[in-house]
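Structure assessment
If you want the building blocks of each chain, they are given just below.
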Amino acid sequence: MFRTALRNVLAHKARLLMTVLAVMLGVAFVSGTLVFTDTLSNAFRNQSAKSYDDVAVAVTSYADANDAKQEPGLSQATVDRIGKLEGVASVTGRVDGFAGVADPDGKLIGVGWSNKGANFAPGKGGKDSAYDFTEGSGPVKDDQIALDKDTAAKGAYQVGDTVRVATNGPVKEYTLAGVFTTDDGAVNAGGSLVLFDTSVAQKLYLKPGYFTSLTVTAAPGADDSRILDAVEPLLPENAEAQTGAALADEQAKSIEEGLSGLNQMLLGFAGIALFVGVFLISNTFTMLVAQRTKELALMRAVGASRKQITRSVLAEAGVVGLVASVVGFALGIGLAAGLRSGMAAFGMKVPDGPLVIGTTPLLSALGVGVLITMLAAWLPGRRAAKIPPVAAMSSVHAVATTKSLVVRNSIGGFLTAAGAALIVAGAAAGSDGRWTIAGGAFLALVGVIVLIPLLSRPVIALVRPLLISAFGVSGKLASQNAVRNPRRTGATASALAIGLTLVTGLSVLGVTVGTALDKMTTDQIKADYMVVMASGGDLDQSALAALEKAPGVAAVSPQQSAYFEIKDEFVSASAITPGDIERVLKVEVVNGSLDSLGDGRIAVAEKTAAKQGWKVGDTLPVTFNDDKKGSLKVGAVYKDSEFLSPVLVDTKVVAPHETKPYIPQIFVTMDGGQTAANEKALVNALGDNPAINVMDKQDIRDQFGGMINMMLNIMYGLLAMALIIAVLGVVNTLAMSVFERQQEIGMLRAIGLDRRRVKRMVRLEAVVISVFGAVVGIGLGSFLGWAIGQTIKSDLPGYALVIPWDRIGIFLVLAALVGVLAAMWPARSAARLNMLNAIKAE
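Section: the environment of Met707
With respect to the helices and strands, Met707 occurs in helix H22 (residues 697–740). On a C-alpha basis, the gap between Met707 and Arg583 in space is 28 Å, while along the polypeptide they are 124 residues apart.

Re the packing of aromatic side chains
Summed over all chains, the structure comprises 7 aromatic pairs. Taken together, a centroid distance of 5.9 Å and an interplanar angle of 10° make the contact between Phe783 and Trp786 stacked. One end of the pair is Phe783 and the other is Trp786, both in helix H24 (residues 755–792) and 3 residues apart, which spans about a single turn. Here Phe783 falls in the partly exposed class, since its relative accessible area comes to 27%. We classify Trp786 as partly exposed; its relative accessible area is 27%. Taken together, the ring pairs connect Phe120, Tyr131, Phe133 and Phe180 into an aromatic cluster.

Examining the sheet that holds strand E1 (residues 57–61)
The sheet built from 4 strands is open, its strands ordered E3-E14-E1-E15 with antiparallel pairing. The sheet is open, and its two edges are formed by strand E3 (88–94) and strand E15 (239–243), each paired on a single side. Geometrically, the sheet is characterised by an average inter-axis angle of 15° between neighbouring strands, direction not taken into account. Of the strand pairs in this sheet, E3 and strand E14 (residues 213–218) are connected by 6 bridges, and their pairing is antiparallel. For Ser90, the partnering residue across the bridge sits in E14 and is Thr217.

A short note on a negative patch on the surface
Together, Asp223, Asp229, Glu232, Glu240 and Glu250 make up a region of like negative charge exposed at the surface. Position of Asp223 relative to the elements: it lies in the loop between E14 and helix H7 (224–231). Classification of Asp223 as partly exposed rests on a relative accessible area of 38%.

A short note on helix H14 (residues 434–471)
Between its first and last C-alpha atoms H14 spans 46 Å; for 38 residues at 1.5 Å apiece the expected length is 56 Å, and the helix comes up short by more than 12%. The axis of H14 is deflected most strongly, by about 55°, at Ile452, and proline Pro453 appears within four residues downstream. Two residues or fewer past H14, Gly472 is found with a positive phi of approximately 65°.

Side note on helix H21 (residues 676–685)
Because the α-helix completes a turn every 3.6 residues, residues three or four places apart line up on one side. Along H21, the positions that sit buried rather than exposed are Asn678, Ala681 and Leu682. With its buried residues spanning 95° around the axis, H21 presents them on a single face. Seen from the buried face of H21, the exposed residues on the opposite side, beyond 90 degrees, are Ala676 and Ala677. Gly687, located one to two residues past H21, shows a positive phi value of around 75°.

Quick word on a nonpolar patch on the surface
A cluster of nonpolar side chains, contributed by Ile810, Leu814, Leu817, Val820, Leu821 and Met824, occupies part of the molecular surface with about 540 Å² of accessible area. Ranked by residues supplied to the nonpolar patch, first place goes to helix H25 (residues 805–822) with 5 residues.

Looking at the nonpolar core
Ranked by size, the top nonpolar core spans 70 residues in total, and within it Val276, Ile725 and Val762 carry the most contacts. Among the elements that line this core, the one with the most residues is H24, at 14 residues. With residues up to four places along the chain from it excluded, the contact list for Val276 reads Ala495, Ile498, Ala722, Ile725 and Ala726. Ile576, Ala605, Ala636 and Tyr799 belong to the second largest nonpolar core, which has 31 residues in total.

Considerations on the pairing of E1
Taken residue by residue, a regular strand's side chains alternate between the two faces of the sheet. Most of E1 is tucked away: 4 of the 5 residues are buried. Both E1 and E15 contribute to a ladder of 5 bridges, which runs antiparallel. Residue pairing for E15: Val57 is matched across the bridge by Thr243. Pairing analysis gives 4 bridges linking E1 to E14, with the strands arranged antiparallel. Bridged to Val59 within E14 is Leu214.

A closer look at unusual backbone geometry
Within the chain, Ala156 stands out as a residue other than glycine whose phi angle is a positive 55°. By the secondary structure assignment, Ala156 is in the loop between helix H4 (149–154) and strand E10 (162–166). Even without being glycine, Asp688 reaches a positive phi, approximately 50°. In this structure, Asp688 sits in the loop between H21 and strand E25 (692–696). Under the relative-accessibility criterion, Asp688 is labelled partly exposed at 33%.

Rules and cut-offs
Residue numbers here run from 1 along each chain, matching the order of that chain's written sequence. Given that this is a predicted model, residues contribute local features only at a pLDDT of at least 70 and side-chain atom pairs are listed and counted only at 80 or more, while totals for whole chains, interfaces and linings are drawn from all residues. With hydrogens and water excluded, all non-hydrogen atoms of the structure serve as input to the side-chain values. The helix count covers DSSP runs of H or I at least four residues long, the strand count covers runs of E at least two residues long, and both are numbered beginning at the N terminus. Each aromatic pair joins two rings of Phe, Tyr and Trp (for Trp, the six-membered one) with centres within 6.5 Å, and gets the label stacked for planes under 30 degrees apart, edge-to-face for over 60, and tilted for any other angle. Burial here depends on accessible area, computed with a 1.4 Å probe over protein chains only, as a share of the maximum for the residue type. Under 20% is buried, over 50% is exposed, and the range in between is partly exposed. Between any two strands, at least two bridges found by DSSP are needed for them to pair. Whenever a helix is involved, its axis is fitted only over the stretch in contact; in every case the axis is a line through C-alpha atoms, and angles between N-to-C directions fall within 0 to 180 degrees. Here a patch means residues that are over 30% exposed by relative accessible area and free of salt bridges, tied together within 9 Å if like-charged and within 5 Å if nonpolar (Val, Leu, Ile, Met, Phe, Trp, Tyr). Residue-level accessible areas treat just the shown protein chains as cover; the underlying method is Shrake-Rupley with a 1.4 Å probe. One speaks of a salt bridge when a side-chain nitrogen belonging to Lys or Arg is within 4 Å of a carboxyl oxygen belonging to Asp or Glu. We treat Lys and Arg as the positive residues and Asp and Glu as the negative residues; His and chain ends play no part in the count. Note on charges: their place is set at NZ of Lys, CZ of Arg, CG of Asp or CD of Glu. By this rule the span expected of a helix is its residue count minus one, scaled by 1.5 Å. At any given residue, the bend is defined as the angle formed between two axes, one fitted to the seven residues that end at that position and one fitted to the seven that begin there. Each C-beta atom gives one direction from the helix axis, and the arc is the one those directions make. Joining through side-chain atoms within 4.5 Å is the link that ties buried Ala, Val, Leu, Ile, Met, Phe, Trp, Tyr and Cys residues into a set, and such a set is a nonpolar core. The contact definition used throughout considers only heavy atoms, calling two residues in contact when any of these lie within 4.5 Å.

If you want it as structure tokens, here you go:
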């Protein structure tokens, strides 16, 4: 039976090509993901281990630099005491923070969040072991810096050039003393690294004489654990020490955890692609079994049992799955190599290292490919074994009985109804109903897939008059062919339906959330501009002072973060500028007046006031950030806003209690509104600082909407594999359908249907099936998008369902285009059939 199975595979290799391609693509996705993440993990783990090769003990301070009651970091005295310990060869202090480098046009080099500044800490030989200089040397004067090689190349800077560098304060000019290479993670992520003299870095990021971390190297023969035991008693309470080996292991574990999320997401989409492939495989073997009824009947007549017939079909599937898995694994290795190169093309460097090809990806590829193929072929094999030899010998194909159809449709109807009920229940439950919706979505999807053959007849019947009126006899034949075998049509359409269910659901949810965020932004922000750091950090107070003096400024207020302790409870507050806050942000007063903020009173959000029982006129006992006590009177109650904390207070009230104010945003309203001249005035007032972004209203909207669109595009890209497999399914169904209908097509040609109309008939059949699958997927996807949206509705003010009709229209057009493209080869084959040979075909 195995020889028979192998012979059948070789005899029908052309018809099995699409199955091989579907399994191959799914396996490539799985194995490529595993090889890619293993390679990344190995590269970063080796880099991390290399970084701590010479480190005996690493010390990190977690002190709050803004807390006046504690030391801001590790003092020089601590460094000196550690350096005198037995077995210690050297101690190096590090301090770092944000630093942005301007290119010759004044634009920021790098991506903001990964732009970093640190200190150059030379040892006895005048070198810093963390950096290899290719040009010049490290900075040893206050006006010198060094740049990583990539940043210097992007800015076209040479040693001796003047470079503009911005930290959280005003831009300063430095002389470039050297260029270096490094394995620093910030640089590998596409950012930049600026080295300052140690005293300069301490002034910029911490406090003179203090470091954020220390690395201790051991003398030859010294034990790292004993050094650690000696170091720990010398450290302040807010510092932690570890051996270099322990820290390397910790970072390796952190890398594994960080990559596991990427791994799971990619494997999830690979699973979707393979699930779609199941329909293609099952369809293929169902059609092959139908075409070989006489052969199977003959085998039954000469003694083959039902189990042997089933095993024969499964053996064919196993051979196909094995071949596809091997090719898919090889393709996956190429995919992993391409992904690594692609990261470099997007400015994200991966540390050097070999492509890691372990046994897990290989076994997973073979296991997934073979098992998926055999699982999908099991039902067709079981049906093949049930064909009675006499019925098959007389060419009477087994058709679905009324009982089997009733059972199938009853099961499909029950699953669909149960799934829909769970989805509605989950939507009604709000944020607690997401898992309920997930379970309902699975049941509904399975139910719809089971019901699709039943749905195909009435849905396609609706478009039949249109096809006949537009395309005549070709349209009529296409509509009849599409419903001739509802199960086959349903299985083909299901593959497209699954992909478009996910795509549509994501689109509905993404567009709805994006619209709500956009509405919230335009409704809540009155200011013409929002000023933020490119790094996402806090702005220096000098930026606020500069903006207040800028020409044309009508109102300016920071959104400064502050905290109080009121009645033993910490309360978040926004320190703002009274009189200007209502001109830059929408603040709806419920009781009292915002003018009271100028008198040193506070305004409280409505929900917070109701929860705490506060009202206008109440005097509240307050403990400030520096532990000083006082009292504040409630002067107003306002409606809650996403852009404001639960409490508003004048910046002057909190200023005496803050070592350094934390200002994430500054809002500015200009005379004359948004104009190029006004924006230029603000940029000039800030000293043309490359690290500060002056965002107009459209930029603010794009910041929120851009993230959602980027996520949607990533999801579309990952789901593309499933849609490609669905297209292969349409091609496969049509090609085998044409093969089955050779005699019929020959008769049609003989009675006058020319080649052009034969091609049109096959193309229209493909378009009908594709659009049918798209309609089902779009309907279910829109329903799921609505349900998931209901679970986040309470967290997003202004939420309202938005159906993206433009995108849905594009999906339908693309589905029709998929049908046209998928039909090219089958239509051409049908049109080229020799009518006499076709009529003679059995």
